Amino acid sequence: AAPAGPHAEMITFQGAIKAAPTGLQGIDGSGNIVRVFVTDANGELKTPAGLIQMPIGYKSVGNMLAQPEFYWAHRGGSASFPEHSLYGYTQSVARFYGALEMSLARTSDGVWFGLHDKSIARTSGLADGAVPNASQQTWAEVSAYQITIGAAGAPRPYLKLEDLISVYGASHVIILDPKYETNRINDLLDRLKDLYGSDATASNRIILKGYGPSTSELVNAGHARGYHTWGYFYDTDNASYSTEASKWDIVGLNYDADQKYWDQLHNAVPEKRIVGHVCPNQSAVDIARAKGATGFQCSGVASIFAK
């Protein structure tokens, strides 16, 4: 009623008011029509050029194993896209891959992330020995580099396990191979329990992977918490089929192995599913199927129809 000091009785906005973009029409998870926007680098709403409906993957490990055939993307489609990148996994999901495979390394500060090798040198385009092994680097040191290899989509950032699970852990089965960190398997299982909320939920969505003739450390730790395990073999491992294949829930064999080795592995564990690995194209899938495979680990996801 009696303002003291400077004040305004009216405010006038100068210039035209910028209207919000129309947005692209989509459908949410409940079937409702929605408008979708993206935010550009300046924080402004924009209409995206297009949308792709992302298919839901296998509902559980049990659901996957109930399929007549099942497919998973090797390192997120390592022959088609930057391996172990979120970009590669997303491209695989868009191509109907219901399961995603990830090799794991662990940094010195305890971060599990996607890496097949001991070091990031190969995937970062560096010379051998240019950087220490991942186990001797912090996550900050690893993430200063990018994945530079891949037929399409490179470079891409390295991907933490927790970020893959955050995006696809509830919608897809994930196959995890701790590679050179099997001695830390319980650390990994504890991390999965934290990410999923319980061992029961995690083991419903995760399969543990290991080299078939390896020690039983991973198998025993995984089975104790309810996990299924996959052991991959090669034709050169044929002497161990009869002694080592039975400890795994699922087994695998290189797709180009001679038929006699497929027969030997099947005869050693006739009740188990055999996954053909690593299939770079549809021809490799067809070869593995003809030899007895009912599951397929695929690197060439861009050329293999997984539905």
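This text follows the structure it describes.
Now for a description of the structure that goes with this document.

Rules behind the numbers
Residues numbered from 1 in each chain as written. Predicted model: local features only at pLDDT ≥ 70, side-chain atom pairs only at ≥ 80, totals over all residues. Heavy atoms only, no water. Helix = DSSP H or I, 4+ residues; strand = E, 2+ residues; numbered from the N terminus. Phe/Tyr/Trp six-rings, centres within 6.5 Å; stacked < 30°, edge-to-face > 60°. Buried < 20%, exposed > 50% of the residue type's maximum accessible area, 1.4 Å probe, protein only. Lys NZ or Arg CZ within 6 Å of the ring centre and 35° of its normal. Core = buried A, V, L, I, M, F, W, Y, C linked by side-chain atoms within 4.5 Å. Contact = heavy atoms within 4.5 Å.

Remarks on the environment of Asn-133
Relative to the helices and strands, Asn-133 resides in the loop between helix H3 (121-124) and helix H4 (139-142). The spacing of Asn-133 and Ala-105 is 28 residues in sequence and 9.4 Å in space, taken between C-alpha atoms.

Here's the deal with the packing of aromatic side chains
As enumerated under the stated definition, the model contains twelve aromatic pairs in all. When the ring of Phe-113 is compared with that of Tyr-158, the centres are 6.0 Å apart and the planes differ by 85°; the resulting orientation is edge-to-face. A residue pair is termed long-range when its members are at least 10 positions apart, and Phe-113 in strand S7 (residues 112-114) and Tyr-158 in the loop between strand S9 (156-157) and helix H5 (161-168) qualify at 45 residues. When its relative accessible area of 0% is taken as the criterion, Phe-113 is described as buried. Pairing Trp-230 with Tyr-232 gives two aromatic rings, centres 5.8 Å apart and planes at 40°, and the pair type is tilted. The residues Trp-230 and Tyr-232 share a single accessibility class, namely buried. We note Lys-118 situated over the ring of Tyr-180; from NZ or CZ to the ring centre the distance is 5.3 Å.

Section: the environment of Phe-37
Within the secondary structure, Phe-37 sits in the loop between strand S2 (33-36) and strand S3 (38-39). In this structure, the C-alpha to C-alpha distance between Phe-37 and Leu-24, residues 13 residues apart in sequence, is 6.8 Å.

Digging into the nonpolar core
Counting residues in each nonpolar core, the largest one holds 65 residues, and the members touching the most others are Tyr-71, Leu-161 and Leu-192. Here this core gets five residues from one element, more than from any other, and that element is helix H6 (residues 185-196). When neighbours within four sequence positions are excluded, Tyr-71 is seen to be in contact with Tyr-58, Tyr-97, Gly-98, Ala-99, Val-285, Arg-289, Phe-296, Cys-298, Ile-304, Phe-305 and Ala-306. Counting twelve residues, the second largest nonpolar core, distinct from the first, contains Phe-113, Ile-120, Ala-121 and Ile-147.

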